[in-house]
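# Structural overview
For reference, the chains in residue letters:
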Amino acid sequence: FGLRMFDIDEDSLRIRLNGEVMKFVGWNHHTQWPDTAGSPTDKQMDDDMLLLKDGGANFVRGAHYPQDPRWLDRLDENGMIMWCETLGPDVSVADTVDPYFLKYQAQQMNEMLDNAMNHASITVWAYFNEGPSGNNASCPAYQMNANIIRSRDTSRFVSYASDKHPPSDVCFSDVVDVVSVNDYPGWYNPADPKERWSSTAQYYNEAGKPLIISETGAGGIYEWSRNTTALKWTCKYQTQVLVEDVEVALSDARVSGISLWHFFDFKTRDGDENNTHCQYLPNVYPPVCEYINVTSNRPGGANHKGVLDFWRRKKPSFDEVARRYKAATKSVRISVA
């Protein structure tokens, strides 16, 4: 096992590693690659790990399902901090009061713990991404999951990624060790990132909880990197929003960490394409879009919030984020017994 101990400083409500307050900085990372989809080669995983380190990351959120043990091995070996969660987008209030659903939720929680318990990189156990934590009827299901985790592991943090803006989340108080919030100021809402994140951190700190920004970001089309104006979907606009998110996360002492959404662009549901497919330049590889219709929320059926494109080519936002991450943190290493 790696020798590392995480806890929360009672005075500052900041996360500590081996007694030292630190910032978690990194990205969300789906299991998706060109050509191999969800069945990556060892080299593809190695290449992504090199890119994460080049980006200055010490934190990876595994979205939104348990992770390949080979990927967890690489996170261990490279001293990363890992968030591991059960499969859980689109969980409803009805799900959380359904005994049949809860039976299999408990089963998958235990299976995730079996799979990942002995990986030193795991620091956060989580579930129910953007679930119904604004409804009191769902809180017992949140507590059930926390109880399963704590019955087997008291050395890591319990959390869930909430999309409920304060004070709408009603389940967090007795359930989580660390509050985690998904919010997209400057993208899905017009709020100023500094004001939005600072007020969110203040609210949860006053409630006695540390805050991790578990998702935030903006879309940027890889080919739209030379635009002179910072219009929505340009890389210039994406960079502007991400820099604002990162700078408030790093400068606000009430924020314990940030995982930007997302590390790379990825394929979404087929229905999201909505006749906005990319028109590719002929005989060019990796593919290059000559034209793409951005009237859909998912142009081309893809999520374009990555700092890399699907083929792992860097957008301008990558270097801007990496420079700030590297300036703010030191690498987290694991001592091995």
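In the block above lies the structure referred to throughout.
A few points on the structure. Since the structure is predicted, the reported quantities are computational estimates derived from the model, not experimental observations.

### Remarks on the pattern of salt bridges
- Applying the stated rule across the entire model yields 25 salt bridges.
- Taking the shortest distance from any N to any O, the salt bridge between Arg 70 and Asp 42 comes out at 3.0 Å. Separated by 28 residues along the polypeptide, Arg 70 in helix α2 (residues 69-77) and Asp 42 in helix α1 (residues 42-54) bring together distant segments of the chain.
- Among the ionic pairs, Asp 48 bridges to Arg 312, the shortest N-O distance being 2.9 Å. Here Arg 312 lies in the loop between β17 (302-303) and α8 (316-328) and Asp 48 lies in helix α1, a separation of 264 residues in the sequence.
- Assessed through its relative accessible area of 1%, Asp 48 is described here as buried.
- Because the salt bridges share partners, they merge into one network encompassing Asp 42, Asp 46, Asp 68, Arg 70 and Arg 74.

### Observations regarding the environment of Ala 322
- Structurally, Ala 322 is set in helix α8.
- Residue classification places Ala 322 among the buried residues on the basis of a relative accessible area of 5%.
- Sequence spacing of Ala 322 and Leu 87 is 235 residues, and the spatial spacing of their C-alpha atoms is 29 Å.
- The contact partners of Ala 322, leaving out residues within four places of it in the chain, are Asp 54 and Gly 55.

### Structural notes on the pairing of strand β13 (residues 255-260)
- β13 sits mainly inside the fold: six of its six residues count as buried.
- As paired elements, strand β5 (residues 24-29) and β13 share four bridges and run parallel to each other. Note on β13: the bridge partner recorded for Phe 24 is Gly 257.
- Once you follow strand β12 (residues 211-215) into helix α7 (residues 235-251) and on to β13, the crossover reads as right-handed.

### Brief notes about the state of the cysteines
- Counted under the stated rule, the structure contains two disulfides.
- The residue that forms a disulfide with Cys 139 is Cys 171, at a sulfur-sulfur distance of 2.1 Å. Between Cys 139 and Cys 171, the S-S dihedral sits near -90°, and the bridge is therefore left-handed. In this pair, Cys 139 is assigned in helix α5 (residues 139-152) and Cys 171 in the loop between β10 (161-162) and β11 (179-182), connecting sequence segments 32 residues apart. The two residues Cys 139 and Cys 171 agree in class, both being buried.
- Disulfide pairing places Cys 278 opposite Cys 289 at an S-S distance of 1.6 Å. Here the residue Cys 278 occupies a position in the loop between β14 (266-267) and β15 (279-280), and Cys 289 occupies one in strand β16 (residues 289-291), the gap between them amounting to eleven residues.
- By sequence-ordered numbering of the bonded cysteines, the protein has its disulfides arranged as 1-2, 3-4.
- Cys 235 takes part in no disulfide bond, and the closest cysteine sulfur to it belongs to Cys 289, at a distance of 12 Å.

### Section: the pairing of β11
- Residues of β11 alternate between two faces, with Val 179 and Val 181 on one and Ser 180 and Asn 182 on the opposite face, all of them buried.
- Sheet topology places β11 next to β12; four bridges connect them, and they run parallel. Counterpart to Ser 180 in the pairing with β12 is Ile 212.
- Remark: the β11/helix α6 (residues 193-206)/β12 crossover connection has right-handed handedness.

### Some points on the side chain of Asp 183
- Secondary-structure assignment places Asp 183 in the loop between β11 and α6.
- Residue class for Asp 183 comes out buried when judged on its relative accessible area of 9%.
- Within the structure, the side chain of Asp 183 is placed 2.5 Å from the side chain of Arg 196, a separation counted as a polar contact.
- Discounting chain neighbours no more than four positions away, the residues touching Asp 183 are His 165, Asn 189, Arg 196, Trp 197, Glu 215 and Thr 216.

### Structural notes on the sheet that holds strand β3 (residues 15-17)
- The antiparallel open sheet is built from three strands, whose spatial order is β2-β3-β4. Among the strands making up the open sheet, the edge pair consists of β2 (6-8) and β4 (20-21).
- As paired elements, β2 and β3 share three bridges and run antiparallel to each other. Bridged to Asp 7 within β3 is Arg 16.

Here is what the cut-offs are and how they apply
- Residues numbered from 1 in each chain as written.
- Predicted model: local features only at pLDDT ≥ 70, side-chain atom pairs only at ≥ 80, totals over all residues.
- Heavy atoms only, no water.
- Salt bridge = Lys/Arg side-chain N within 4 Å of Asp/Glu carboxyl O.
- Helix = DSSP H or I, 4+ residues; strand = E, 2+ residues; numbered from the N terminus.
- Buried < 20%, exposed > 50% of the residue type's maximum accessible area, 1.4 Å probe, protein only.
- Contact = heavy atoms within 4.5 Å.
- Pairing = 2+ DSSP bridges.
- Right-handed = clockwise from strand over helix to strand, strands pointing away.
- Disulfide = S-S within 2.5 Å.
- Polar contact = N/O pair within 3.5 Å; in protein donor to acceptor, adjacent residues only side chain to side chain.

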